[in-house]
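# Survey of secondary and tertiary structure
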Amino acid sequence: MKERMDIALAISHPRRLASLKSLASLDRANLLAFLDDPQLADVVPQGAVATHLYFGSEYCEHLFPNDGDLATAMAEAERLGLVFVLPTPIANDALLARISSVAARLPPSAEVLVNDWGVAQLMKTQFPGRRLVAGRQLAKMIKDPRMPAPAWRKVYPSNYGAAPYARLLSGFGISQIELDVPPFATAEIFDVSGLAVAVWAPYAYIAKGRICKIGSLGQKTEDKFAPGRPCHRECLGILEQEPDAVVSGLRTYSRGTTMFYQHDAALFGVVREAIAHGHVARLVLSEV
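Description of the structure in this document. Everything quoted here is computed from the prediction, not taken from an experiment. (Residues numbered from 1 in each chain as written. Predicted model: local features only at pLDDT ≥ 70, side-chain atom pairs only at ≥ 80, totals over all residues. Heavy atoms only, no water.)

So, about the nonpolar core. The nonpolar side chains of soluble globular proteins are, as a tendency, buried together. Formed by 75 residues in total, the largest nonpolar core has its most connected members in Leu-9, Leu-26, Leu-40, Phe-84, Leu-106, Tyr-160 and Ile-177. Considering every element that reaches this core, the biggest residue donor is helix H8 (residues 265-276), with 5 residues. Ignoring anything within four residues of it in the chain, the contact list for Phe-84 reads Leu-53, Phe-55, Leu-70, Ala-73, Met-74, Ala-77, Leu-106, Ala-110 and Glu-111. With 9 residues, the next largest nonpolar core counts Ala-8, Leu-113, Trp-200 and Val-284 among its residues. (Core = buried A, V, L, I, M, F, W, Y, C linked by side-chain atoms within 4.5 Å. Buried < 20%, exposed > 50% of the residue type's maximum accessible area, 1.4 Å probe, protein only. Helix = DSSP H or I, 4+ residues; strand = E, 2+ residues; numbered from the N terminus. Contact = heavy atoms within 4.5 Å.)

Structure representation (structure tokens):
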């Protein structure tokens, strides 16, 4: 276990890079001001300084950053003394080629966050020295905010408790995984034998699909709610608040193809406890 917990800032909107440029450092005060979420003060340790910068989306191939934005993000990471992390989504052949091209230009210290076994295989064969981290889409657990009781988590226990899955990760050279905080979580779920754990706050992803509701609104009737339409990244400018989950009361949101929920006081308490017990190797702070 690391003596010092990593602190990462994750952003997906290119416009946020301009705000990053205005900061001389990413210390605790600047992190909290950048994210503008008072609740995060309870989980970000005093004296914390960011160590990693994530730039990009884990959930949509259309949001993979362009070359200009990637160059800006990597330059900002270097200026601020941060390790750059490239999030990657489930990928088609065209995106695999794009990821390969970008991976060849990443700095030696950079990490690639994988949510697709094809991407993991690509990195293993073409860039065997690159550090890989298993993303949240590879973590199989129930995170439905409509769960009525803790017993529902036992229906589908985490895949990280299975020895064959650990061997699969090891075969790709993956030694760190990323997890959300599910409803009714306890700190012990982040104590994963043989693997370092990164925990995201204050938003958790629920599920994703291929249909972008916001992007469909301006389409002809016959083209609405269908994959394969041209993408203009409408989701980056529109965040939809869904009705709060009736049972848990968790606040839920949709952005593009993906649904999220926001941590409440109980989930923040789980994060604090997991950090106190040394179960968290990296805390990833994000916007929705």
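Picking up after the structure, the text goes on.
In this section: the layout of surface pockets. Empty space within the largest pocket amounts to approximately 780 Å³. Lining the largest pocket are 46 residues, and of these Ser-57, Tyr-59, Cys-60, Leu-63 and Thr-258 lie nearest its centre. Only strand S1 (6-11), strand S8 (203-208) and strand S11 (258-262) provide two or more residues apiece to the lining of the largest pocket. Considered as a void within the structure, the second largest pocket measures approximately 210 Å³ in volume. (1 Å grid on protein atoms, 1.4 Å probe; cavity = no way out; pocket = protein on both sides within 12 Å on 5 of 7 lines; lining within 4 Å. Points joined across faces, edges and corners; volume = space filled by probe spheres on them.)

A surface patch of nonpolar side chains, amounting to about 360 Å² of accessible area, comprises Trp-152, Val-155 and Tyr-156. Mapped onto the elements, Val-155 comes out in the loop between strand S5 (131-134) and helix H6 (163-171). Among the residues examined, Val-155 registers a relative accessible area of 61% and is labelled exposed. (Patch = residues over 30% accessible without salt bridge, like charges linked within 9 Å, V, L, I, M, F, W, Y side chains within 5 Å. Areas by Shrake-Rupley, 256 points an atom, 1.4 Å probe, with all protein chains shown as cover. Salt bridge = Lys/Arg side-chain N within 4 Å of Asp/Glu carboxyl O.)

Turning to the environment of Ile-99, a few remarks are in order. Among the structural elements, Ile-99 can be located in helix H4 (residues 93-103). Relative accessible area serves as the criterion here: at 0%, Ile-99 is assigned to the buried category. Separated by 50 residues in the primary sequence, Ile-99 and Ala-149 have C-alpha atoms spaced 40 Å apart. Apart from the residues lying within four places of it in its own chain, the contact partners of Ile-99 are Phe-64, Thr-88, Ala-91, Val-119, Leu-122 and Met-123.

What follows deals with the packing of aromatic side chains. In the structure shown here, the tally under the stated rule is 7 aromatic pairs. On the numbers, 5.7 Å between centres and 85° between planes, the contact of Tyr-54 with Trp-200 is edge-to-face. One end of the pair, Tyr-54, is in strand S2 (residues 52-55); the other, Trp-200, is in strand S7 (residues 196-201), with 146 residues separating them in the sequence. Taken individually, Tyr-54 and Trp-200 each receive the classification buried, so the pair is uniform in this respect. Look at Tyr-160 and Tyr-165: their rings are 5.4 Å apart centre to centre, the planes differ by 70°, and that puts the pair in the edge-to-face class. With relative accessibility at 15%, the residue Tyr-165 sits in the buried group. Among the aromatic side chains, those forming a connected cluster through ring pairs are Trp-117, Tyr-160, Tyr-165 and Phe-172. The ring of Phe-172 is capped by Lys-124, whose NZ or CZ atom sits 5.7 Å from the centre of that ring. (Phe/Tyr/Trp six-rings, centres within 6.5 Å; stacked < 30°, edge-to-face > 60°. Lys NZ or Arg CZ within 6 Å of the ring centre and 35° of its normal.)

Before going further, it helps to examine the pattern of salt bridges. In the structure shown here, the tally under the stated rule is 11 salt bridges. With a shortest N-O distance of 2.9 Å, Arg-282 and Glu-111 are connected by a salt bridge. You can see Arg-282 sitting in strand S12 (residues 282-286) and its partner Glu-111 sitting in strand S4 (residues 111-114), a full 171 residues away along the chain. The class of Glu-111 is buried, set by a relative accessible area of 4%. Across the salt bridge formed by Asp-180 and Arg-136, the nearest N and O atoms sit 2.8 Å from each other. On the criterion of sequence distance, the pair formed by Asp-180 in the loop between strand S6 (176-179) and S7 and Arg-136 in the loop between S5 and H6 is long-range, its members being 44 residues apart. For the pair formed by Asp-180 and Arg-136, the shared burial category is buried.

This part covers unusual backbone geometry. A cis geometry characterises the amide bond from Ala-201 onward to Pro-202, with omega recorded as 5°. Summarising the element assignment, Pro-202 is placed in the loop between S7 and S8. For Asp-36, which is not glycine, the phi torsion reads 50° and is therefore positive. By the secondary structure assignment, Asp-36 is in the loop between helix H2 (28-35) and S2.

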